[in-house]
Structures are given as C-alpha cells and as structure tokens.
Amino acid sequence: YGGMGLDFSYNIAVAEELGNIRCGGVPMAIGVQTGMATPALTRFGSDELKKQFLVPTIAGDFVACLGISEAGAGSDVANIKTTAVRKGDEYVINGGKMWITSGSQADWMCLLANTSEGPPHQNKSLICLPMNLPGIHVAKKIDKLGMRSSDTAQIFFEDVRVPCKNLIGEEGNGFTYQMLQFQEERLWGVASALTQMETIIQETIDYTRQRKVFGRPVLHNQIVHFRLAELAAEVELLRSLLHRAVALYVEGNDVTKFASMAKLKMGRLIREVTDSCLQFWGGMGFTSEVLVSRFYRDSRLMSIGAGSDETMLSIICKYMDILPRK
C-alpha cells in the first residue's frame, strides 16, 4: 500500500527524531497520521478500504484524523454517544466529536460510533468517514493553552450517509480495535516526548552555565545541577521502559500494561522536566521567547490526551487485578 513494510520499532525511531521539532503540535499531527488514525485500518481494513484511504494517507496526499472523543466522553471511550445506524447499504451518522487533531483540514476520519444498542464494549464500530460528505459540520477550530500550531476541531454530524463497506473489520469490534490503536498512540507519544525532554534539559544546562547570579553561574548551585542530573536519569529510565514495551509489541505481545505505565510516567515526567527547567530560566522562562515556555504549555496535554493519567492508573490496576469490581 505504499509503505516500506517495516515493523513498529521503526515508527518509534521516527517518533524520537520528530521530537527534535521545536514544538509539540507538529510531531503530534504526524503521529495522528501514522500511529493513531491508521493502525486499525492497516490491521483490519478490507483491501478496497486500504486502497481508498490508506494508500493516499501513506503517500501524504490525504490528511487523516481520529474521531473518538466527545464533549461528554474523553478518556471514557465506552460512553460515546455518536450513532451510525444501518439503513440499507449505508450508515446514517449523527452526533459530534470534540478535540479532533487535524479536524479542520482532514480528508477522512477514523470514526468510532455506536452501531447497535448492545453492551458499551460490544456495540461500537470503526468507520472510514470522508470529511467532504453532506451533513459534516466543522464547528470551530479550538483555541488552546498549548499545541497552538495544531489544528484541533469540534465537529458535528447530521444525517451523514456513508457506505457500509467503509466499516473497518467487523461490526461491533470497534472498541477492541481502538484499544489496540491506543497502544501505538501512547508509545508514539512517549517516544517523541523523550527527545523533547532531552532538548529542554540540554538548553537549560547551556543557559544556566552562562547566566550568572550573585557572581557565579546558576548551574554551579548544587540544587540546580543535582536536579538536572536527577531529571536526566528519569528520562533514561523511561526510555528503557519504552524500548522494552516496543520489543514485546513487535513480537506480538499485548503491551497494554507497559504502554499505559510508559504513558503515565511520560505525562508526569515531562511536566516535571519543563516546570523545573523553566524555574532555572528565571524571568526569561516566563516569556514566549524561549523554547522551555512553549514546551511547558505544549506538554501539559500529555497527562490528558490519549487517555488521562487517571485512566492509565485504572488500566494498570486492572492488569494487576487490584481494580475494585463494579
């Protein structure tokens, strides 16, 4: 379908390199294209669907977006309300999606919708939805705290008709397919954040080495260089967890627990790194002129998007068999 046929470890190598881009929004947009909106289509889609949607997406001719979150259902995926009702050989879609990265410019959406009245984990399906169909309304591009270069949209669907052949895999398996997509999304996010954290730490070292306070470089204060060493050690620990999870995933294992652990740790660590480093920049860190303040804003999303910290903890508890049963 136009790709190179490489395993997932190469995605992670690309994600780490994209972390060198000096903002969070661009790597995130590329990550949606490669690791969030397309894995289920790649794994479960029909040959016809792949030719129609995957080929131009890989070629860069189509922009893809992922339609999961709603105003009342972010990390709580099972609670989505958007419906796709089968009528003849078409689905009729009604509802809306929120916080959709690349939503204003996407050519198609990997849409999760309720296709039946059954149990919430068994009544959902993934559908390839062209974004130029009648009844699709991009309500607004959302103004955000960070990731300001990223196009994030609110979208509504009003009697949108799409062929039933646009269904990815089997009807009713959408929730399961999306949980598999989340593994790749979360690992991708960790990989790109690692490089961002390394960049911030190194730039802070360079700045505090030349900035003087009370007659000596800020870096010479033990509280500063010890803290930077501590943060660097935490980044390396996270890298080891990421690479372990990726190696297991490439071998065909379920790495939901490790991916959730890595995502949880990444979201918290990047906040810690950017907050600590911004402090060492002093007043300069509170301006929009330096990278540390941009990453401070951009990275706050990491504990919310692709599953909140609290959701990651619940998943980990479930795999440890310590989550209280309903």
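Since we're looking at a predicted model, the values are computed, not measured.

Caption draft 1: Examining helix α4 (residues 47-59) more closely. Here α4 spans 17 Å end to end across 13 residues, near enough to the 18 Å set by a 1.5 Å rise per residue. Along α4, the sharpest change in direction is near 35 degrees and occurs at F53; proline P56 comes one to four residues later. Within α4 the residues assigned to the buried category are L49, K50, F53, L54, P56 and T57. On its buried face, α4 is in contact with α2 (25-36), α3 (39-44), β1 (64-67), β4 (108-114), β5 (124-130) and β8 (167-168).

Caption draft 2: Representation of the UniProt feature "domain: Acyl-CoA dehydrogenase/oxidase C-terminal" (unreviewed entry) in the protein chain in the model. Mapped onto the present numbering, the UniProt feature "domain: Acyl-CoA dehydrogenase/oxidase C-terminal" (unreviewed entry) falls at residues 172-318. Strand forms 3% of residues 172-318 and helix 74%; the C-alpha atoms that close the span are 23 Å apart.

Caption draft 3: Just the pattern of salt bridges, in detail. Overall, the coordinates contain 17 salt bridges when judged by the stated rule. Measuring nitrogen to oxygen at the nearest pair gives 3.1 Å for the salt bridge that ties E90 to R161. Of this pair, E90 sits in strand β3 (residues 90-101) while R161 sits in strand β7 (residues 152-163); the two residues are 71 residues apart in sequence, bridging distant segments of the chain. Note that R271 and D309 form a salt bridge whose closest N and O atoms lie 3.5 Å from each other. Linking R271 in helix α7 (residues 256-280) with D309 in helix α9 (residues 309-319), this pair joins segments that are 38 residues apart in sequence. What you see here is one network of salt bridges that share partners, running through E16, E198, E236 and R239.

Caption draft 4: How the structure looks around the packing of helix α1 (residues 8-18) against helix α6 (residues 222-250). The geometry of α1 relative to α6 is characterised by a closest axis approach of 9 Å and an angle of 150 degrees between their N-to-C directions. Taken together, the axes of α1 and α6 are roughly antiparallel relative to one another. From α1, F8, S9, I12 and E16 reach across to α6, where they touch R239, L242, H243, V246, Y249 and V250. In terms of residue class, the contact of α1 with α6 is built from six nonpolar, two polar and two charged.

Caption draft 5: Representation of the packing of aromatic side chains. For the structure on display, the rule yields four aromatic pairs. Ring centres of F8 and Y249 lie 5.2 Å apart, and the angle between their planes is 75 degrees; on these two criteria the pair is classed as edge-to-face. Taken as a pair, F8 in helix α1 and Y249 in helix α6 lie far apart in primary sequence, 241 residues in all. Look at F8 and you get buried, because its relative accessible area is 9%. For the ring pair F53 and W108, a centre distance of 5.3 Å and an interplane angle of 50 degrees mean the geometry is tilted.

Caption draft 6: Broad picture of the UniProt feature "domain: Acyl-CoA dehydrogenase/oxidase N-terminal" (unreviewed entry) in the protein chain. With numbering aligned to this structure, UniProt lists the feature "domain: Acyl-CoA dehydrogenase/oxidase N-terminal" (unreviewed entry) at residues 1-61. In residues 1-61, helix accounts for 69% and strand for 0%; the two terminal C-alpha atoms are 13 Å from one another.

Caption draft 7: The domain arrangement of the protein chain, seen in detail. Once the domains are mapped, the protein chain shows domain 1 (37-170) and domain 2 (176-320). The centre of domain 1, based on its C-alpha atoms, is set 29 Å off from the matching centre of domain 2. Tallying the contact residues gives 19 residues for domain 1 and 18 residues for domain 2. Summed over both partners, the interface of domain 1 with domain 2 comes to about 1400 Å²; 63% of that surface belongs to carbon and sulfur atoms. Broken down residue by residue, the surface that domain 1 buries against domain 2 is led by R43, S75 and M147, which jointly contribute 35%. For the pair domain 1 and domain 2, the number of links is one salt bridge. Residue R43 pairs with E184 through a salt bridge whose shortest N-O separation is 3.2 Å. Summed over the shared surface of domain 1 and domain 2, the number is seven residue pairs in polar contact (both at pLDDT 80 or more).

Caption draft 8: The arrangement of the nonpolar core in detail. Counting 69 residues, the largest nonpolar core has L187 and M197 as its most contacted members. For this core, the leading source of residues is helix α5 (residues 174-210), giving 14 residues. Each of two domains, domain 1 (37-170) and domain 2 (176-320), supplies a minimum of three residues to this core. Formed by 20 residues, the second largest nonpolar core is a distinct cluster that contains A106, M109, I136 and V162.

Caption draft 9: Geometry of the layout of surface pockets. When its volume is computed, the second largest pocket comes out at roughly 780 Å³. Looking at the second largest pocket, it is lined by 24 residues, and the ones nearest its centre are G3, L6, N11, T34 and I58. Listed by contribution, the elements that provide at least two residues to the lining of the second largest pocket are α1, α2, α3, α4 and α5. Of the residues assigned to the lining of the second largest pocket, the class counts are 12 nonpolar, nine polar and three charged.

Conventions used here
Per chain, residue numbering runs from 1 following the sequence as it is written. Selection of residues for local features in this predicted model requires a pLDDT of at least 70, selection of side-chain atom pairs for listing and counting requires 80 or more, and totals for whole chains, interfaces and linings are taken over all residues. Side-chain descriptors were evaluated using all non-hydrogen atoms of the structure, hydrogens and water having been removed beforehand. Helix and strand labels come from DSSP, where a helix needs a run of H or I of at least four residues and a strand needs a run of E of at least two; each type is numbered from the N terminus. The span one expects for a helix is its residue count, reduced by one, times 1.5 Å. A residue's bend is the angle separating two fitted axes: one through the seven residues that end there, the other through the seven that start there. To sort residues, take the accessible area from a 1.4 Å probe on protein chains only and compare it with the maximum for the residue type: under 20% means buried, over 50% means exposed, and anything in between is partly exposed. Whether two residues are in contact is decided by their heavy atoms: any pair within 4.5 Å suffices. UniProt positions are given in the numbering used here, feature names are shortened, and annotations may be inferred rather than shown by experiment. A pair is scored as a salt bridge if a Lys or Arg side-chain nitrogen falls within 4 Å of a carboxyl oxygen belonging to Asp or Glu. Lines fitted to C-alpha atoms define the axes here, with helix axes fitted over just the stretch in contact, and angles between the N-to-C directions of these axes take values from 0 to 180 degrees. Throughout this description, any angle smaller than 35 degrees is read as roughly parallel, any larger than 145 degrees as roughly antiparallel, any in the 65 to 115 degree range as roughly perpendicular, and the remainder as oblique. The nonpolar class holds Ala, Val, Leu, Ile, Met, Phe, Trp, Tyr, Cys and Pro. Asp, Glu, Lys and Arg form the charged class, and all remaining residues, Gly among them, are polar. Planes of paired rings set the category: under 30 degrees apart is stacked, over 60 is edge-to-face and the rest tilted, where pairs are Phe, Tyr or Trp rings (Trp by its six-membered ring) whose centres lie within 6.5 Å. Domain start and stop positions are those given by an automatic or database domain assignment. Here the buried area means the combined drop in accessible surface, using a 1.4 Å probe, for two parts upon being joined, counting both sides. For this analysis, a polar contact is any N or O atom pair within 3.5 Å, provided that within protein one partner can donate a hydrogen and the other can accept it, and provided that sequence-adjacent residues contribute only side-chain to side-chain pairs. To form a nonpolar core, buried Ala, Val, Leu, Ile, Met, Phe, Trp, Tyr and Cys residues must be joined to one another through side-chain atoms within 4.5 Å. Only protein atoms enter the 1 Å grid, on which a cavity is a set of points fitting a 1.4 Å probe that cannot get out and a pocket is an open set with protein on both sides within 12 Å along at least 5 of 7 lines, lining residues being those with an atom within 4 Å of a point. Grid points are joined across faces, edges and corners, and a volume is the space filled by probe spheres set on the points.

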